[in-house]
Amino acid sequence: MARTATARRTTAALAALSLGILALTACNEGTDKDSSAPGATASPSAIGDTDDASPRPSTAAPSDGGGEAASPDSGAGTATPTADGAGDDQDGGVGMCETTDLAYNVTVASKPVNHALLTASNNGGGPCLLPANDLVITIPALDGAAEHMGPTGEDWLLNPGEKAYAGILFSRADTPGGKSATQVEIALTAAESPSTVTVNGGPVTVNDTAVTSFFGTAEDALTY
C-alpha cells in the first residue's frame, strides 16, 4: 500500500515537472519571435531622412574652377576707365574749339538779300566746345570787325562731323555805297589768327557788316 502511494506521488511530480518544462519552452519561443519582428514605427531620424525634400546648404569650400566669384584684381565686372574728358558734359575735360580745328564755307544766300551763310564743320577726330558768341568776321582791306546781331547763344559741344551755322550781313539797304569783296576772314575768338575763306557766289558789296552767333540750323542763322 505504501509503495503504491509513493509511486503515485512520483508520477505526479514528474508530470508537474514536464508541464513546467513545456511552459518554459513556449515562453522562450514567444520571446524570440517578439525580438525578431520589425518595429511598427520608424525612428524620427528615418522620417526626417526620407520625407525632407528641402535642399540643405552646402558646407563645401568653393573650388578653384568655374563659378568662383571674380576677385577685384581680375577685372571682371569692373568698368574700364575712359580717357580724361571722354563722356563728360560740355565743360568736363573737353577743350575749346580753335579756329584751325574747323573747316569753313561761306555762301551767298538767296534770302535775305545781302546775306551769306557761314558753315563751320568739325572735321577733326574729337569733340570741342564751340564758343557761340565770340565769332569775329572781318573783310580783307576793310577796317573793323562785323558787329553782333540777333540773340546770344550758349557755348555747345561740336562733335566730329557736326556743323554750326552763322549768318553774315554784308550791307544794309539804307546804307549807300560800299566796296566789293570776294573773301572774308574768320576767327572763333578775337585772340586767334583768322582763316581766310572765299565767298561762294561772290563778289559781295560790303558797307556795314554784322554776324550772328552760331546756331544749330541754317534757317536759324539766316533769320536775322
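Preceding this paragraph is the structure being described.
My aim in this report is to walk through the structure given alongside it, one point at a time. For clarity, every value in this text was computed on a predicted model and none was experimentally measured. Note that residues are indexed from 1 along each chain, following the sequence as it is written. Under the rules for a predicted model, residues below a pLDDT of 70 receive no local features and side-chain atom pairs below 80 are neither given nor counted, while totals for whole chains, interfaces and linings still include all residues. To obtain the side-chain values, all non-hydrogen atoms of the structure were used and water was disregarded.

1. A word on the overall build of the protein chain
By definition, any uninterrupted DSSP run of H or I lasting at least four residues is a helix, any uninterrupted run of E lasting at least two residues is a strand, and each is numbered from the N terminus. In terms of regular secondary structure, the protein chain is built from 3 helices and 12 strands. The 224 residues of the protein chain split such that 25% are buried. Two residues qualify as a contact provided that any one of their heavy atoms is within 4.5 Å of a heavy atom in the partner residue. Long-range contacts, defined as pairs at least 24 residues apart, comprise 75% of the intrachain contacts of the protein chain with a sequence gap of at least 6. Per-residue and other accessible areas were derived by the Shrake-Rupley procedure at a 1.4 Å probe size, with only the shown protein chains allowed to occlude residues. Of the accessible surface of the protein chain, which amounts to about 14,600 Å², a share of 55% is contributed by carbon and sulfur atoms. Exposure categories follow from relative accessible area, calculated using a 1.4 Å probe and restricted to protein chains: below 20% of the type maximum is buried, above 50% is exposed, and the middle band is partly exposed.

2. Here we look at the environment of V211
Looking at the secondary structure, you find V211 in strand β12 (residues 210-211). Considering only alpha carbons, one finds V211 and T138, 73 residues apart in sequence, at a separation of 10.0 Å. With sequence-adjacent residues up to four places away left out, V211 is seen in contact with L135, I137, A146, E147, H148, M149, A166, G167 and I168.

3. Re the pairing of strand β9 (residues 183-187)
Both strand β4 (residues 136-138) and β9 contribute to a ladder of 3 bridges, which runs antiparallel. Bridge pairing in β9 links I137 to I186. Bridge count between β9 and strand β10 (residues 195-200): 4 bridges; the pairing is antiparallel. Residue pairing for β10: E185 is matched across the bridge by T196. DSSP calls a pair of strands paired once it identifies at least 2 bridges connecting them.

4. Digging into the packing of aromatic side chains
The pairing test for Phe, Tyr and Trp rings, Trp by its six-membered ring, is centres within 6.5 Å, and the orientation test on the planes gives stacked under 30 degrees, edge-to-face over 60, and tilted for anything in between. One pass over the full model with this rule turns up 1 aromatic pair. Each ring, one from F215 and one from Y224, has its centre 6.0 Å from the other, and the planes form 20 degrees; the classification is stacked. Of the residues examined, F215 reaches a relative accessible area of 15% and is grouped as buried. The exposure class assigned to Y224 is partly exposed, which follows from its relative accessible area of 37%.

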